[in-house]
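Report on the structure
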Amino acid sequence: MDDTEQARGPSLTSTSDTFGDREFAADLEPAAIVTDSSGLVHPSGIVLCATSKYPDAVVASVSDSCENFWGLRPEEMLGRPMREFVDWPRQRRVRRGVERLGPIRGRDFRGVEWFITLTFRFKQPMVHLEPVPESAAPGTDLSLWLATSTERLDYVDDPAELWDEACENIRRLIDFERTMVVTFHDDGHAEVIAESLADECPSFLNLHFPPPAGTTNERLQFTPVRSFSIDATHPSLIVPRTDPQGRPWDLTLSPLRRDQGPQGVISRAMGQSSLILNLASIDGRTYAIGAHSHEHRRVDALTRAGIEMYTRTVHARIDTLARTAEVRRQEETLALQRGIVNRIDTARIASSLVASDNGSHEILELVKADGAVIQIGDEFEVLGNLDAVEVEAIRDTVRPWLQTLSRHGALMTDHVRRMHPRLYAAAAGVAGLLAVSVGSRGDFLCWVRRPVTSTRSWFAEDPASGELAPRVEEVSDRSTQWTGRDRRAAEALAREMEDTLLRRAQAELAQLALVDVLTGLPNRRLLLDRLDKAIGRASRGHHFALLFLDLNDFKGINDRFGHQVGDEVLIETARRLEGAVREGDTVARLAGDEFVVLCEDTRLGEEATVVDRVRDAFDEPFIIQGEETYVRVAIGVGHLELGLDAPSLLDRADRAMYQAKADMKRR
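What you see is a predicted model, and the numbers here were worked out from it, not measured in a lab.

The biggest cluster of nonpolar side chains holds 30 residues, and the ones touching the most others in it are Leu 547, Leu 549, Leu 551, Leu 577, Val 597, Val 614 and Phe 618. Contributing elements (two or more residues each) for this core: β22 (543-551), α17 (554-561), α18 (563-580), β24 (594-602), α19 (607-617), β25 (622-624) and β27 (633-638). Counting 27 residues, the second largest nonpolar core, distinct from the first, contains Leu 353, Leu 383, Leu 445 and Trp 482.

Here is the structure:
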C-alpha cells in the first residue's frame, strides 16, 4: 500500500482480498439460511451499497431516503466513489462470511455526524448511516447502566429470573411500554416466556404466536439477526434492489432493516413501534428479546449497541447455567445407566432390564415414561399398565420402522395420533413413543407416554373480524414432549444392549470352540488343555487317571434306528459318564462315539476303581423306541510316562482302548 492509500484509509471493499476460501454458510442447505432480500429499509437513516472493487469502491445502490437527508436523488449518487459521501473509519480484516462492525462515529460530506455500521454478508459490502441524537436520553448514563446491569447477573442463578431481570433493565433504560423474551419452538411458532410491563399494559406472558410460512426453529438458528426496528412508517427503498451480479441486496444484518421474518405477527400485535434486539440459540432453542411501544420511538444506534452487549452477556450467563444443569443431568443419567448395565444378565437381558429392587424401574427413570416395551431375541417384557391390545399395536408400529431405526437412531413422537393414525385407532391411550433399535435382528427398546391434557393461549387473527386477539386451545391427544436428552439416553442404553449381545455372541462362539455342540461336553481342544495342566501337576506329585472310551456297535444302532436315535444315545452316554465321576472331573467327547474321562488328584492304582464305576454306569439298558437295548463300552487306560505330552498320552490311551475292544470281541 502506498502513502496515498494509507492517508485515505482502506476501502470498505478491501475485505474481498482478505475473504476466506468459503463463506460462513457455504455448508448449509439453502433453505436453512434466512435472509432479508426485500430491498426495504427504515427511512430514519441511509443505506449505501458498494461494489466489491478495490480500492475505489463506488456506490452500487442507495436507499431513496438519501433525498430526505442530503437532497440527492439515488440516480445522482450511483456510480460515484463512496468517499464523496461518507468518511468511514479504518476496517479490520474480515475472517468470516458474515460480519458486522459498528456502530462507530463518522461524518458525511457535509460534516454532519452519523453512527456508521458496516456489514459484509455474502460479499455484499454496505454502509448503514443513522443520525446521532442531539443529546442522550434524560438521566441516562449508558456506561453506568451497562456496568451495573451486567454485574447484577452474577447473583442470579435461575434462567427464568435472568430473563425477567433483563426485560426489566432494558425497559427502564429505553422507556418502552413492554419488553419481553420469546422462544421459538421446533415448528417455528413463538412463545412469550418473560416480560416487563409499564402500568396498565396487558400481559402477553405464555401467549403463543403462529409462525410465518417456512419458519422453523432450525432455520432461525442460522439467522444472524441483531437489533432492528419495526414500525408503521413508510419504508425507504434500495435503488436498485440488486447488486452488480443481479443478486438482491441482503439486509439481514442491517440496523435499518424492516420487519421480514418470524417477528412479523408478534410485532403487529405489539403496537406502533417495536425493537427486536437480537436472536440467540441456547441449548438448541432460539430466543429473541423485543421491546414495544404504542408511541413511535427510535432508539439510537449507540444505545442499541449497549443493549446488544448486555443481552449477549445475559445469553452467555443463561447458556452457562443451561450447560451446568445439563452436566448434572448427564451425571444422573450415567448413574442410572450404570445401575441398569451392571444388573444386566447376559443370559436374560430383557428380564434383567425390568428387574426392580425397590418397586421402581430404573429404565423408566432413565427416560421418564409411563410404560415400556422391550424385545431382545426371544425375550419380551412390558412395563407399566399397558394392556395386550396396546402392546400388540405398539409392536406392529415399531417393527416396520426397524430398518429406519437402524439407519437414523430413533423413532420419536409426542403426537401418535398425527404421526401413526393406525396405532392411535387401535390404542388411543398411547400418545408418545420413543423407540430405539438394538442390533440388527429386530430387537428394540420402546418407551410409552400417555396423553396429557394442556391448554395453550394463542395470539392470532380472529377468522371473523381479522383482528389479532388471544384464543385458548386445549390439547388432549399429545404426550409431554420428548427431549434430545431422552433420545440420547435411549440410544446410549441401546448401544450398551448391543455390546451385551455382542459379548454374549462372542461367549457363545468361544464356548462352541471348546464344547461339543451335541452333548455340551468339553471337546478335544479343551480336553488337551486340561490334560496338559494335569501332566504339569503330576510332576509335583498329583496323580490322575485317564480313560478312553468307545461304544461297541454304535454303528449298528445308527443303521437300525437312525442318526437321531444315535444322537440321543450319545447324549445319554454323556449324562451317565458325568454321573459316574466326581464333580471336578472331566468328561469329554472327541468324535463320533469316542469319550474320554480325566480324573485328577487320584491315588496310584485308582484307575481300576474308576473303570469299574464307568462300567457300572452302562449296566442299565438304554430305552430305544420303547425297547431295552444294552450298550457296552470298551475302555483303555492311559499311563503317564516321563516325556509324554498330552497328545501322546491321549494317543496311548486310544491304543489301549482298541486293544480292550479286540479282547472283548475274542471273548
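Our next topic: unusual backbone geometry. At the junction of Val 239 and Pro 240, the peptide bond is cis and its omega measures out at -15 degrees in the coordinates. Mapped onto the fold, Pro 240 is located in the loop between β12 (236-239) and α8 (264-270). Of note in the backbone geometry, Glu 200 takes a positive phi value of approximately 65 degrees without being a glycine. Positive phi outside glycine occurs at Asp 553, with the angle close to 55 degrees. Residue Asp 553 is classed as exposed on the basis of its relative accessible area of 59%.

Within this model, the largest pocket holds a volume of roughly 1,500 Å³. Considering only residue class, the lining of the largest pocket consists of 17 nonpolar, 13 polar and 14 charged.

Looking now at the packing of aromatic side chains. Counted according to the given criterion, the structure contains eight aromatic pairs. Judged by centre distance (6.1 Å) and plane angle (15 degrees), the rings of Trp 70 and Phe 85 are stacked. With a gap of 15 residues between them, Trp 70 in helix α3 (residues 66-70) and Phe 85 in the loop between α4 (74-77) and β4 (86-87) connect regions that are remote in the sequence. With a relative accessible area of 2%, Phe 85 lands in the buried category. Centroid distance Phe 85 to Phe 109: 6.1 Å. Interplanar angle 85 degrees. Geometry classified as edge-to-face. You can see Phe 85 sitting in the loop between α4 and β4 and its partner Phe 109 sitting in the loop between β5 (98-108) and β6 (113-121), a full 24 residues away along the chain. Judged by relative accessible area, Phe 109 falls into the partly exposed class, the value being 41%.

The next thing to look at is helix α20 (residues 646-666). For α20, spanning 21 residues, the distance from its first C-alpha to its last is 31 Å, which sits close to the expected 30 Å at 1.5 Å a residue. Every buried residue of α20 is accounted for by Ala 646, Leu 649, Leu 650, Ala 653, Asp 654, Met 657, Ala 660 and Lys 661. Down the axis of α20, the sector holding all buried residues measures 145 degrees, keeping them to one side. Looking at the buried side of α20, the elements it contacts are α16 (524-538), β22, β23 (586-591), β24 and β27.

Our next topic: the pattern of salt bridges. A full pass over the atoms with the stated rule returns 33 salt bridges. When the shortest N-O distance is used, the salt bridge between Arg 450 and Glu 390 registers 2.7 Å. One end of the pair, Arg 450, is in the loop between β19 (443-449) and β20 (454-461); the other, Glu 390, is in helix α12 (residues 388-408), with 60 residues separating them in the sequence. Each member of the pair, Arg 450 as well as Glu 390, carries the same accessibility label: buried. Two residues, Asp 477 and Arg 417, come together in a salt bridge whose shortest N-O distance is 3.4 Å. Of the two residues, Asp 477 sits in the loop between β21 (468-475) and α15 (484-514) while Arg 417 sits in helix α13 (residues 416-419), which places them 60 residues apart along the sequence. Here Arg 417 falls in the partly exposed class, since its relative accessible area comes to 44%. Each member of the salt-bridge network shares a partner with another, and the members are Glu 326, Arg 329, Arg 485 and Arg 488.

Counting buried positions over the nine residues of β6 gives eight, a clear majority of the element. Joining the antiparallel neighbours β6 and strand β7 (residues 125-131) is a turn of three residues, in which Phe 122 adopts a positive phi near 55 degrees.

For the rest of this paragraph, the subject is the sheet that holds β24. The strand order β23-β24-β22-β27 describes an open sheet built from four strands, whose pairing is antiparallel. Pairing within the sheet leaves two strands with one partner each, and these edge strands are β23 and β27. For this sheet, the mean inter-axis angle between neighbouring strands, taken without regard to orientation, is 25 degrees. Looking at chain direction, β22 and β24 are connected through eight bridges and run antiparallel. Considered in β24, the bridge of Leu 547 is made with Val 597. Lying on the sheet, α18 is in contact with β22, β23 and β24; it crosses β24 at an angle near 10 degrees. Sitting on the sheet, α20 is in contact with β22, β23, β24 and β27, with an inclination near 140 degrees to β27.

Okay, the environment of Arg 488 next. The topology assignment puts Arg 488 in helix α15. Reaching out from Arg 488, the side chain makes a polar contact with the side chain of Glu 326 at a distance of 3.4 Å.

Moving on, we come to the pairing of strand β18 (residues 432-438). Side-chain positions along a regular strand alternate between the two faces of the sheet. Counting buried positions over the seven residues of β18 gives seven, a clear majority of the element. The alternating pattern of β18 places Gly 432, Leu 434, Val 436 and Val 438 and Leu 433, Ala 435 and Ser 437 on opposite faces, both of which are buried. Where strand β17 (residues 411-413) lies against β18, three bridges are found, and the strand directions are antiparallel. Paired with Leu 411 across the two strands is Ala 435, which belongs to β18.

With that settled, the discussion passes to the sheet that holds strand β16 (residues 379-383). Sheet architecture is open: five strands sit in the order β16-β15-β19-β18-β17, paired in antiparallel fashion. The open sheet is flanked by β16 and β17, the only strands paired with a single partner. Along the sheet, successive strands turn relative to each other by an average axial angle of 10 degrees, direction set aside. Of the pairings in the sheet, the one linking strand β15 (residues 371-376) to β16 comprises five bridges and is antiparallel in character. What sits directly across from Val 373, in β16, is Val 382.

Here the focus is the confidence of the model for the chain. Here the chain averages 80 in pLDDT, and 80% of its residues register 70 or above. Looking at the elements of the chain, mean pLDDT is at its lowest for helix α2 (residues 15-18), recorded as 30, and at its highest for α3, recorded as 95. Confidence drops under a pLDDT of 50 for residues 1-34, and excluding neighbours within four residues, the segment shows 67 contacts in the predicted structure.

Between its terminal C-alpha atoms α18 stretches 26 Å, which fits the 26 Å expected from 18 residues at 1.5 Å a residue. Along α18, the residues classified as buried are Val 565, Gly 566, Val 569, Leu 570, Thr 573, Ala 574, Arg 576, Leu 577 and Ala 580. Against the buried residues of α18 lie β22, α17, β23, β24, α19 and β25.

To continue, consider the environment of Glu 161. Mapped onto the elements, Glu 161 comes out in helix α6 (residues 159-174). Residue Glu 161 is classed as partly exposed on the basis of its relative accessible area, which comes to 48%. Residues Glu 161 and Ala 194, 33 residues apart in the sequence, show an inter-C-alpha distance of 8.8 Å.

Cut-off values and rules
Residues numbered from 1 in each chain as written. Predicted model: local features only at pLDDT ≥ 70, side-chain atom pairs only at ≥ 80, totals over all residues. Heavy atoms only, no water. Core = buried A, V, L, I, M, F, W, Y, C linked by side-chain atoms within 4.5 Å. Buried < 20%, exposed > 50% of the residue type's maximum accessible area, 1.4 Å probe, protein only. Helix = DSSP H or I, 4+ residues; strand = E, 2+ residues; numbered from the N terminus. 1 Å grid on protein atoms, 1.4 Å probe; cavity = no way out; pocket = protein on both sides within 12 Å on 5 of 7 lines; lining within 4 Å. Points joined across faces, edges and corners; volume = space filled by probe spheres on them. Nonpolar A, V, L, I, M, F, W, Y, C, P; charged D, E, K, R; others polar. Phe/Tyr/Trp six-rings, centres within 6.5 Å; stacked < 30°, edge-to-face > 60°. Expected span 1.5 Å × (residues − 1). Arc of directions from axis to C-beta. Contact = heavy atoms within 4.5 Å. Salt bridge = Lys/Arg side-chain N within 4 Å of Asp/Glu carboxyl O. Pairing = 2+ DSSP bridges. Axes fitted to C-alpha atoms, helices over the stretch in contact; angles between N-to-C directions. Polar contact = N/O pair within 3.5 Å; in protein donor to acceptor, adjacent residues only side chain to side chain. pLDDT = per-residue confidence, 0-100.

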